[in-house]
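What follows is the residue order along each chain.
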Amino acid sequence: MAKNLSLEDKNLGILSQMTVLSNSSYSDIDLSFTKRKNGDIFKKNDAAAVKQAVKNLVLTNHYEKPFNMFYGGNVTRLLFDLADDVHSGEVETQIKETIENYEPRVIVLNISAKIKGQYNSCSVTITFQVISTKETIILETDIARLR
Amino acid sequence: MATNITSTQLDFDQIKSSLKTYFANSTEFSDYDFETSGLSNILDVLAYNTHFNGLIANLATNESFLNTAQLRSSVVSHAEGLGYRPKSRSASKSTITGSIDLSGVAGRPSTTTLPIGTSFSASNDTSNHTFISREAVTANDVSGLYTFADILVHEGTQKTKTFLVDSLSSNQTYIIPDENIDTSTLDVKVFNNPTTNAYSTYTFLDDAITVSAITEYYDVKEAPNGHYEINFGDGVSFGKSPPVGGKILVTYNIVSGPDANGSTTFSAVSTLAVNGVTYNISVGKQIASHSGTNRQSIDQIKKLAPIQFSSQQRLVTPLDYKGMILSKFPNATDAAVWGGEQNVPKDYGKVYMSLKFPEGTTDAVKTSTYDQIKTSFTDNLSIMSIDNVFVEPQITYIETTTEFYYNDGLTSSTLSTLETLVDSYISTYFSTNLGKFESKFRRSPLLTGIDIVDRSILSSKMDIKIQQRFSPTLGTSKSYSINFPVAIAAFNGTSHTITSSGFTYRGSSCIFRNKLSSNAIEIFVPSTGTVLETGIGSYDNINGILILNTFAPTTIVGGLAEIKVSAVPQNQAVVSPLRNYILTLDGGASRSYGNIEHTDQKIVL
């Protein structure tokens, strides 16, 4: 539903045209870029969109986002440290702070990181709640070096 | 609903904001505003790409115009399009006298010649430099002493490059891979083949008045990488082309520019051979080296190229002359040019020129520059029957009397420290903003600056006088006309508009000044408070002219060579000089006074 401001208020610039959604659903592009039959790519909606966003955030390293150098979980950086030096608590804290800083749509309920030194990888389980729907989501991901 | 994406911004955030605005008007995706969303990541890529392309386009466009170009190569290229050739470095120069002593040597020649390229060394405050003679000087035998007078030496190291003319292409560019050459020292010889000793010396294109298919000229210009390249004519219509299979020998000097200025204590590095015996050269009279300059800066090129273009290699308007002088004679730091009809007194059919040279420039250098301007340019490029007149810059001194009020609770500085700070600021202001032709003195910005010299200064005011100086013929009664650059204040009944410095007249130490409520000039004895003589002259306040009749001082107080004449200008807020007047500060006659402002004291401004 589009609402228009009065003539007197048109000097509010781009705010003169406001889009107000009838519900608070989230919709995002599916980063797998899988094609539908009609040629469009798939969308992610609601909790799935938020889950994709959280995963995307955690797996982004510093200096990857243009003009926003400290954006991202910067977790994969830890894979290049000696396993002895990295504590799971350090990973958990880093992920928690990142989500709290950059993802306002969720509340982090729990984060569990398990470092598997012999495989040079780390398993992360993030439990969070989507604020608008109160839905609890569990995101599990493995972070491993490619080489 | 807007469907177009605004794409006029260059900034990454603004571009991304435009993309978000686009999505804000769409219901398809709602997560565009969350930085973590996939859509935001795609917008990052799009915005970064647009930002990068925009910057490249902006830079490319900027570099396409002379006024906005930032790269030297672009500025030089645009200037070249306007027919302007940026000046290279120029060597520091000096004139010295050398001699060799062959007293008692049998069979010595009646004359001997000091060849071109004789080396001398000299040093200034920072480093040692090598100077090379630029012309052969011959000396006569005077009882065995051969004195080489007026040896013109240029700082620098001579280099030689040899090019073979490629048989495959007759129109080539020859590169000199050095940024520090003085192009005025270029000597280009063309040989028909690599083994012959016969050659033709080609001349610089700028020195050519007409060019035909057989004219032997070369052109030198700055390459995009800052090096220099030499070109020749095409051999068909625009100058002679070096013969295929021939050889080109280029000699030039690598110079230090202004770094070598002020070099003194010359001594000869080379020796001179006479009848097979070498003799040491003694250096006698010498002057400090001068006129070395860096190659023209980007700002100078941007300023001068359009001026020269507008002149179209002709000398018609004052700006044509000014552009020619400043571009061709880098040893002149500033120039003022005006027509005789604007001169005081009017002098129709003449062009007046006044050149400002760096401190220490000798009269010989100035005269040489005037001669070059006349013979090389004005005789060929100016309108017929127009004569040139060169006049020295007229220095007009400004005396400032500054009074400032300050709060002593806001500073730990003493009154004298504050006064010194204010004096220092005034001196810096003058050296930064004035001292050039057409530079105006404006009191308001100076006072604004004084107010922020120290946080304790609350307000300030300033009275100014303009001052001209003249050298009277002592002991002889003569008339003098002293011109001020602006109108002088009218006389009044309370203070003297015109006052002079001290001189001796009829045995008394006197000054002259205007009578109160009159423009007549009287001679006054300060020690007795008496007027010695009245009616020795008068002043025309509108035209700023002071006339002294039958003025015959015997000495000038303090043994000075000049009498200072101070006048209150009609407008103290701005002094806007015309023609060849240059404003500068008379620090000795200027003074600052500070007053403590108490809370119960009212300031009267």
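Everything below is about the structure shown above.
Thresholds, definitions, all that
Residues numbered from 1 in each chain as written. Chains lettered and ligands numbered in written order. Predicted model: local features only at pLDDT ≥ 70, side-chain atom pairs only at ≥ 80, totals over all residues. Heavy atoms only, no water. Helix = DSSP H or I, 4+ residues; strand = E, 2+ residues; numbered from the N terminus. Buried < 20%, exposed > 50% of the residue type's maximum accessible area, 1.4 Å probe, protein only. Contact = heavy atoms within 4.5 Å. Areas by Shrake-Rupley, 256 points an atom, 1.4 Å probe, with all protein chains shown as cover. Patch = residues over 30% accessible without salt bridge, like charges linked within 9 Å, V, L, I, M, F, W, Y side chains within 5 Å. Salt bridge = Lys/Arg side-chain N within 4 Å of Asp/Glu carboxyl O. Pairing = 2+ DSSP bridges. Core = buried A, V, L, I, M, F, W, Y, C linked by side-chain atoms within 4.5 Å. Buried area = accessible area lost by both parts, 1.4 Å probe. Polar contact = N/O pair within 3.5 Å; in protein donor to acceptor, adjacent residues only side chain to side chain. Nonpolar A, V, L, I, M, F, W, Y, C, P; charged D, E, K, R; others polar.

Q: Help me out: how do you make sense of the overall build of chain B in this one?
A: Helix and strand counts for chain B stand at eight helices and 35 strands. Going through the 605 residues of chain B one by one, you find that 44% of them count as buried. A separation of at least 24 residues holds for 69% of the contacts in chain B among residues at least 6 apart in sequence. Total accessible area computed for chain B in this model is approximately 29,600 Å², and 51% of it derives from carbon and sulfur atoms.

Q: Explain a nonpolar patch on the surface here, please?
A: Taken together, the side chains of Phe67(A), Tyr48(B), Phe52(B) and Ile56(B) present a nonpolar region at the surface, about 410 Å² in accessible area. Tracing the chain through its elements places Phe67(A) in the loop between α1 (46–58) and α2 (88–102).

Q: What should I look at first to understand the pairing of strand β11 (residues 217–222) of chain B in this one?
A: Remember that side chains alternate between the two faces of the sheet whenever the strand is regular. Residue and element names in this part refer to chain B. Within β11, five of the six residues are buried, which leaves it mostly tucked inside the rest of the structure. Here strand β10 (residues 199–204) runs beside β11; their pairing, made up of two bridges, is parallel. Paired with Phe 204 across the two strands is Tyr 218, which belongs to β11. The pairing of β11 with strand β12 (residues 228–232) spans five bridges and is classified as antiparallel. Looking at the pairing, Tyr 218 lines up with Phe 232 of β12.

Q: Would you mind showing me how to read the nonpolar core here?
A: Generally speaking, soluble globular proteins have nonpolar side chains that are buried together. Counting residues in each nonpolar core, the largest one holds 44 residues, and the members touching the most others are Phe441(B), Phe512(B), Leu546(B), Leu548(B) and Phe551(B). Every residue in contact with Leu546(B), bar those within four places of it in the chain, is listed here: Tyr480(B), Ser481(B), Ile482(B), Phe484(B), Ile498(B), Phe512(B), Ile521(B), Ser538(B), Tyr539(B) and Val565(B). Formed by 27 residues, the second largest nonpolar core is a distinct cluster that contains Tyr26(A), Ala47(A), Leu78(A) and Ile143(A).

Q: What am I meant to see in the interface of chain B and chain A here?
A: Reports often express the size of an interface as the amount of accessible area lost when the parts come together. Listed by partner, the interface residues are 23 residues for chain B and 26 residues for chain A. Between chain B and chain A, the buried area comes to about 2,000 Å², and carbon and sulfur atoms account for 56% of it. Summed over the shared surface of chain B and chain A, the number is four salt bridges. Notably, a salt bridge pairs Asp31(B) with Arg105(A), separated by 3.0 Å at the nearest N-O pair. Where chain B touches chain A, the interface holds 13 residue pairs in polar contact (both at pLDDT 80 or more). Within the residue set of the side of chain B that touches chain A, elements represented by two or more residues are α1 (12–24) and α2 (38–62) of chain B. Broken down by element, the residue count for the side of chain B that touches chain A peaks at eight residues, all from α2(B). Of the residues assigned to the side of chain B that touches chain A, the class counts are nine nonpolar, nine polar and five charged.

Q: What's the story with the side chain of Ser27(A) in this structure? I'm lost.
A: Mapped onto the secondary structure, Ser27(A) falls in strand β3 (residues 27–29). There is a polar contact of 3.4 Å between the side chain of Ser27(A) and the backbone oxygen of Glu28(B). A distance of 2.8 Å separates a polar atom in the side chain of Ser27(A) from the backbone nitrogen of Ser30(B).

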